[in-house]
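Chain by chain, the residues:
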Amino acid sequence: MTLTIYSESWILDKAPVVNASPLIYLSKAGLLGLLQIVSSEIFVPQKVATEILQRGRSDITAALKIPVRGTLGIVLIAKQRGEIDSARQLLERLRHAGMYLSDSVMNRALALVKE
């Protein structure tokens, strides 16, 4: 898997893009490899890379109207594609790694993948 950091002007014809959340929480939970399910190449905006270092917020993808895969979405894609057996198990690992996910949101997400 390749993580590419790029300037904002280069992104318009490229995908997928991830924000800081999946990089932080998937890494903490030892699940960074899940990003490969989305694509073998993942683009990380320069501002997101800076955000990870500074733990701030980045609105670059929203400003450019680029679809972003968040941590929850990556886990659901992995489940839908049969790459993982249990989305619930991975979501619990992510919670343990510090990702906030309410029971309500988690249950609605799990219902989407029939868990």
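Treat the numbers as computed from the prediction; the structure is a model and nothing was measured.

Engineer: Pulling in residues and values, what's your account of the nonpolar core?
Structural biologist: Formed by 32 residues in total, the largest nonpolar core has its most connected members in L34, V75 and L94. Taken together, the elements giving at least two residues each to this core come down to α1 (20–28), α2 (35–38), β3 (41–45), α3 (46–54), α5 (71–80), α6 (87–96) and α7 (103–112). Element by element, the count of residues in this core is highest for α5, at five residues.

Engineer: Give me the packing of α5 against α6: which residues, what numbers.
Structural biologist: Put simply, α5 and α6 touch, their axes get as near as 10 Å, and they point 155° apart. Taken as axis vectors, α5 and α6 run roughly antiparallel relative to one another. When you trace α5 past α6, the crossing you get is right-handed. Only A87, L90, L91 and L94 of α6 make contact with α5, whose side of the interface consists of T71, L72, V75 and K79. For the contact of α5 with α6, the residue count by class is six nonpolar, one polar and one charged.

Engineer: Please set out the environment of G98 residue by residue, giving values where relevant.
Structural biologist: As for its position among the elements, G98 is in the loop between α6 and α7. G98 sits 69 residues away from A29 along the chain, and the two C-alpha atoms are 8.7 Å apart.

Calculation rules
Residues numbered from 1 in each chain as written. Predicted model: local features only at pLDDT ≥ 70, side-chain atom pairs only at ≥ 80, totals over all residues. Heavy atoms only, no water. Core = buried A, V, L, I, M, F, W, Y, C linked by side-chain atoms within 4.5 Å. Buried < 20%, exposed > 50% of the residue type's maximum accessible area, 1.4 Å probe, protein only. Helix = DSSP H or I, 4+ residues; strand = E, 2+ residues; numbered from the N terminus. Axes fitted to C-alpha atoms, helices over the stretch in contact; angles between N-to-C directions. Parallel < 35°, antiparallel > 145°, perpendicular 65-115°, else oblique. Left-handed = near helix turned anticlockwise from the far one by under 90°. Contact = heavy atoms within 4.5 Å. Nonpolar A, V, L, I, M, F, W, Y, C, P; charged D, E, K, R; others polar.

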